[in-house]
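Chain by chain, the residues run as shown.
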Amino acid sequence: MKRGGNGGLLPLKIGFFGGFPGSGTSFLASVLANRVLSLNFNPCVLEFGNSRLYDSLGMDKHFAEGDFFPFQKYILKGRSVQGLTNLYEGINWCLRTPAERGLAPGFREKLRLLQSMQGDLMICDFSGVEMGTSEWEDNWRLLWEMDRIVVVLDPLPSRMLPSAELVARLRGGFLPVEYVINRWNRGVDSRTVLSFFQLADPVLFPFLDPTVIYSAEYGCRFVWDIPDVRCQLAGPSDLLCERLGLA
């Protein structure tokens, strides 16, 4: 895998899966997209779940002229989206708009969208879909199209138990998985968490001050643009890039 940009090769594809709803999967997918800009990648974030990134990132304000292109609507109509972008701060955002949330693109439509998007690093967000549903199974099939998979786990005990089934299924599929534990803090019993998931050295992202996240969303700012947050995310983001072979 070529380091520091993709050198015109076929796009690299990284899938983000959450062990439990609300684990911060979409947030970390967008953090990675921002981080790889400095590594000369041209990332694209594709929402294949129900993360509502469009709302949390304030895309209606960043695309105030109403020119955010509804990729999923067009792909369901069988129309070409080749060459089209929603470019903002160097990232191509292929997110579900509020008007598209009732749509249900299947495996073939999602695969076509993945193959049509502009960028040399496809960061696919599969979060927010209930395990066992037809949409979840479609996303599971798409995982086999990924070069690497990032599984985001929450160390809160009540969220660890439901995550065990996903971790077991991923291990059984022999997929190239990198594990991330989000919201790591001093209250976490590290020995219990690592033993429960049978992990030796996962990437640990810190628990961020919720008031900062709320403030950023009210102000339609990207959280990683806040200096203190950027500092806290730098170490684990760099490590994740190394583990994925991007740096």
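Keep in mind it's a predicted model, so treat the numbers as computed, not measured.

Draft legend 1. Region of the structure containing the sheet that holds strand 3 (residues 87-88). An order of 3-4-2-5-1-6-7-8 is seen for the eight strands of this open sheet, with the pairing classed as mixed. Because the sheet does not close on itself, it has two edges, and the strands there are strand 3 and strand 8 (203-206). In terms of strand pairing, strand 2 (residues 43-47) meets strand 4 (residues 91-94) through three bridges, oriented parallel. Residue pairing across strands places Val 45 opposite Trp 93, the latter belonging to strand 4.

Draft legend 2. Quick peek at the environment of Arg 112. Within the element layout of this structure, Arg 112 appears in helix 5 (residues 107-116). On the accessibility criterion, Arg 112 (29% relative accessible area) is partly exposed. In this structure the C-alpha to C-alpha distance between Arg 112 and Ile 75, which are 37 residues apart in sequence, comes to 7.8 Å. Excluding anything up to four places from it in sequence, Arg 112 contacts Ile 75, Gly 78, Arg 79 and Ser 80.

Draft legend 3. View of helix 7 (residues 157-172). Helix length check: helix 7, at 16 residues, gives a terminal C-alpha distance of 23 Å against a target of 22 Å (1.5 Å per residue), a fit within 8%. The set of residues buried in helix 7 consists of Met 160, Ser 163, Leu 166, Val 167 and Leu 170. Residues of helix 7 that are buried in the fold lie against strand 1 (12-18), helix 6 (134-143), strand 6 (148-153), strand 7 (177-184) and helix 8 (190-197). Of the residues trailing helix 7, Phe 174 is marked for its positive phi of about 55 degrees.

Draft legend 4. Structural context of the packing of helix 6 against helix 7. The interhelical angle for the contact between helix 6 and helix 7, taken along N-to-C directions, is 35 degrees, at an axis separation of 12 Å. Of the two possible hands of crossing, helix 6 and helix 7 adopt the one that is right-handed. For the pair formed by helix 6 and helix 7, the contact residues are Trp 136, Glu 137, Trp 140 and Leu 143 on the first element and Leu 166, Arg 169 and Leu 170 on the second.

Draft legend 5. Highlighting the pairing of strand 8. The two faces of strand 8 differ: Val 203 and Phe 205 on one face are buried, but Leu 204 and Pro 206 on the other face are not. The pairing of strand 7 with strand 8 spans three bridges and is parallel. Following the sheet pairing, Ile 181 is matched in strand 8 by Leu 204. In the classification by handedness, the crossover that spans strand 7, the intervening helix 8 and the parallel strand 8 is right-handed.

Draft legend 6. Here's a closer look at the packing of helix 7 against helix 8. Closest axis-to-axis distance for the helix 7/helix 8 pair is 10 Å, and the angle between their directions is 40 degrees. Our classification of the angle between helix 7 and helix 8 gives oblique. Of the residues in helix 8, those touching helix 7 at Met 160, Leu 161, Ser 163, Ala 164, Val 167 and Arg 171 are Thr 192, Val 193, Phe 196 and Phe 197.

Draft legend 7. Examining the packing of aromatic side chains more closely. Applying the stated criterion across every chain, the model contains 14 aromatic pairs. Note on Phe 17 and Phe 126: the rings are 5.5 Å apart at their centroids and 35 degrees apart in plane angle, and the pair reads as tilted. Here the residue Phe 17 occupies a position in strand 1, and Phe 126 occupies one in the loop between strand 5 (121-125) and helix 6, the gap between them amounting to 109 residues. Under the relative-accessibility criterion, Phe 126 is labelled buried at 2%. Through a chain of ring-to-ring contacts, three or more aromatic side chains come together here, namely Tyr 54, Phe 63, Phe 68, Tyr 88, Trp 93, Phe 222 and Trp 224. The ring of Phe 107 carries the charged tip of Arg 141 above its face, separated from the ring centre by 3.9 Å. In this structure, Arg 169 packs its charged tip against the face of Trp 140, placed 4.4 Å from the ring centre.

What counts, and where the lines are drawn
- Residues numbered from 1 in each chain as written.
- Predicted model: local features only at pLDDT ≥ 70, side-chain atom pairs only at ≥ 80, totals over all residues.
- Heavy atoms only, no water.
- Pairing = 2+ DSSP bridges.
- Helix = DSSP H or I, 4+ residues; strand = E, 2+ residues; numbered from the N terminus.
- Buried < 20%, exposed > 50% of the residue type's maximum accessible area, 1.4 Å probe, protein only.
- Contact = heavy atoms within 4.5 Å.
- Expected span 1.5 Å × (residues − 1).
- Axes fitted to C-alpha atoms, helices over the stretch in contact; angles between N-to-C directions.
- Left-handed = near helix turned anticlockwise from the far one by under 90°.
- Right-handed = clockwise from strand over helix to strand, strands pointing away.
- Parallel < 35°, antiparallel > 145°, perpendicular 65-115°, else oblique.
- Phe/Tyr/Trp six-rings, centres within 6.5 Å; stacked < 30°, edge-to-face > 60°.
- Lys NZ or Arg CZ within 6 Å of the ring centre and 35° of its normal.

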